[in-house]
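Structural characterization, general
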Amino acid sequence: MMNFTFKNNDFEDIVLNRRSIREYDPNVKISKEEMSQMLSEATRAPSSVNMQPWRFVIIESPEEKQRLKPLIRFNTKQNDTSSAMILIFGDIRCYELGEEIYNSAVEQGKMSAEVRDQQLAAIIPYYKNFSAKEMNDVVKIDCSLVAMQLMLVARAHGYDTNPIGGFEADQIAEAFDLDPDRYLPVMILSIGKAVDQGYQSVRLPIEKMATWK
Ligand SMILES: Cc1cc2nc3c(=O)[nH]c(=O)nc-3n(C[C@H](O)[C@H](O)[C@H](O)COP(=O)(O)O)c2cc1C
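For clarity, every value in this text was computed on a predicted model and none was experimentally measured.

Rules used in this analysis
Residues numbered from 1 in each chain as written. Predicted model: local features only at pLDDT ≥ 70, side-chain atom pairs only at ≥ 80, totals over all residues. Heavy atoms only, no water. Disulfide = S-S within 2.5 Å. Buried < 20%, exposed > 50% of the residue type's maximum accessible area, 1.4 Å probe, protein only. Core = buried A, V, L, I, M, F, W, Y, C linked by side-chain atoms within 4.5 Å. Helix = DSSP H or I, 4+ residues; strand = E, 2+ residues; numbered from the N terminus. Contact = heavy atoms within 4.5 Å. Axes fitted to C-alpha atoms, helices over the stretch in contact; angles between N-to-C directions. Parallel < 35°, antiparallel > 145°, perpendicular 65-115°, else oblique. Left-handed = near helix turned anticlockwise from the far one by under 90°. Nonpolar A, V, L, I, M, F, W, Y, C, P; charged D, E, K, R; others polar. Pairing = 2+ DSSP bridges. Near = heavy atom within 4 Å. Polar contact = N/O pair within 3.5 Å; in protein donor to acceptor, adjacent residues only side chain to side chain. Areas by Shrake-Rupley, 256 points an atom, 1.4 Å probe, with all protein chains shown as cover.

Examining the state of the cysteines
What is meant by a disulfide is a covalent connection between two cysteines, made through their sulfur atoms. One pass over the structure, following the stated rule, counts zero disulfides. Cys143 provides the cysteine sulfur closest to Cys94, a residue in no disulfide bond, and the two sulfurs are 8.8 Å apart. With a relative accessible area of 0%, Cys143 lands in the buried category.

What follows is the structure in structure tokens.
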């Protein structure tokens, strides 16, 4: 069972008072232990066939933040003040971990060996046969779900975040020693202790966005 460590367990506050925070207390560091805990909670997010294609690079040292700086356009304040910049990549060869995932489900008594064998026999070839576009869509959907969950988990731990799409997507994998043909950059999240409340933002009315049939 997981060790629950939420400082804030008020779902209404976590969800409805989340705002994109772009400036943080630069003195606040997040321990590796707490960051790992947050990532572990965030990765309870669902993913297509449970393939968990998300990969994270946690940028927290001044040297690595300096390396990130030229790649994040106008988002420098988040980089300069955050406890960390979390790079989220989608692994387009995620199916290589499929066996490990399904084996551990069997080992933990959560799936029978028969179901594992049936599922893997169907899923692995299905994933391998995806076009680049199909795989791109799958990993971006899954990684977006984990990103959202991480933003909420961060608030439960007393931190705030900013989702960042303004970065040099064609350079970021290589800059951090990842194979750019394998790891698709999806989003960056800055995370830290907010020093302000962020901007108020508006939403369109639901009547404009939803239809009932
Ligand atoms: C995929 C994505 C990319 C974004 N990219 C940036 C960015 O590059 N820089 C930034 O300051 N905010 C960025 N934002 C934050 C949005 O501007 C913000 O979520 C939106 O204005 C609503 O405000 P709120 O998050 O405070 O509710 C991004 C948000 C998303 C979901």
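The discussion continues.
Observations concerning the nonpolar core
Within the largest apolar cluster, 23 residues are counted, with the highest numbers of intra-cluster contacts made by Met35, Met38 and Ile191. Per-element tally for this core: the top contributor is helix 7 (residues 132–156), with seven residues. Beyond its immediate chain neighbours, meaning those up to four positions away, Met35 contacts Ile30, Ile58, Ala84, Ile86 and Ile191. Counting 15 residues, the second largest nonpolar core, distinct from the first, contains Leu68, Leu71, Phe89 and Tyr183.

Quick notes on the packing of helix 5 (residues 98–107) against helix 6 (residues 113–128)
Geometrically, a packed helix pair is captured by the angle between its two axes and the distance between the axes. At a closest axis distance of 10 Å, the pairing of helix 5 and helix 6 adopts a crossing angle of 165°. Here helix 5 lies roughly antiparallel to helix 6, going by the angle between them. Considering the relative orientation of helix 5 and helix 6, their crossing is right-handed. Across the interface between the two elements, Gly98, Glu99, Tyr102, Asn103 and Val106 of helix 5 pack against Ala113, Arg116, Gln119, Leu120, Ile123 and Ile124 of helix 6. Within the contact of helix 5 with helix 6, the residues separate by chemical class into six nonpolar, three polar and two charged.

Let's talk about the sheet that holds strand 1 (residues 54–59)
With antiparallel pairing, the four strands of this open sheet are ordered in space as 1-2-4-3. Across the chains shown, the open sheet's two edge strands, defined by having one partner strand only, are strand 1 and strand 3 (160–164). Averaged over all adjacent pairs, the angle separating strand axes in this sheet is 25°, with direction ignored. Inspection of the sheet shows strand 2 (residues 84–91) paired to strand 4 (residues 183–192) by eight bridges, in the antiparallel sense. Opposite Phe89, over in strand 4, you have Pro185 as the bridge partner.

Re the site of the ligand
Neighbouring the ligand are 14 residues; Ser20, Arg22, Asn75, Gly165 and Arg203 lie closest to it. Separating an oxygen atom of the ligand from a side-chain N or O atom of Arg18 is a distance of 2.9 Å. Ser20 places a polar side-chain atom, nitrogen or oxygen, 2.6 Å from an oxygen atom of the ligand. In the complex, the protein chains occlude 63% of the 620 Å² of accessible area that the ligand would expose alone. Here the shell around the ligand is composed, by residue class, of three nonpolar, seven polar and four charged.

Section: the packing of helix 2 (residues 32–42) against helix 7
In contact at an axis separation of 8 Å, helix 2 and helix 7 are set at 130° when each is read in the N-to-C sense. In terms of orientation, helix 2 lies oblique with respect to helix 7. Handedness of the crossing formed by helix 2 with helix 7: right-handed. Mapping the contact onto sequence places Met38, Leu39, Glu41 and Ala42 in helix 2 and Val146, Gln149, Leu150, Val153 and Ala154 in helix 7.

Re unusual backbone geometry
In this structure, Val49 takes a positive phi of about 45° despite not being glycine. Considering the arrangement of structural elements, one finds Val49 in the loop between helix 2 and strand 1. One non-glycine residue with positive phi stands out, namely Arg73, at about 50°. Counting through the fold element by element, Arg73 comes out in the loop between helix 3 (62–68) and helix 4 (76–81).

Comments concerning the side chain of Asn75
Of note, Asn75 is situated in the loop between helix 3 and helix 4. Judged by relative accessible area, which is 6%, Asn75 ranks as buried. Non-local contacts of Asn75, meaning those with residues more than four positions away in its chain, are made with Ile164 and Gly166.

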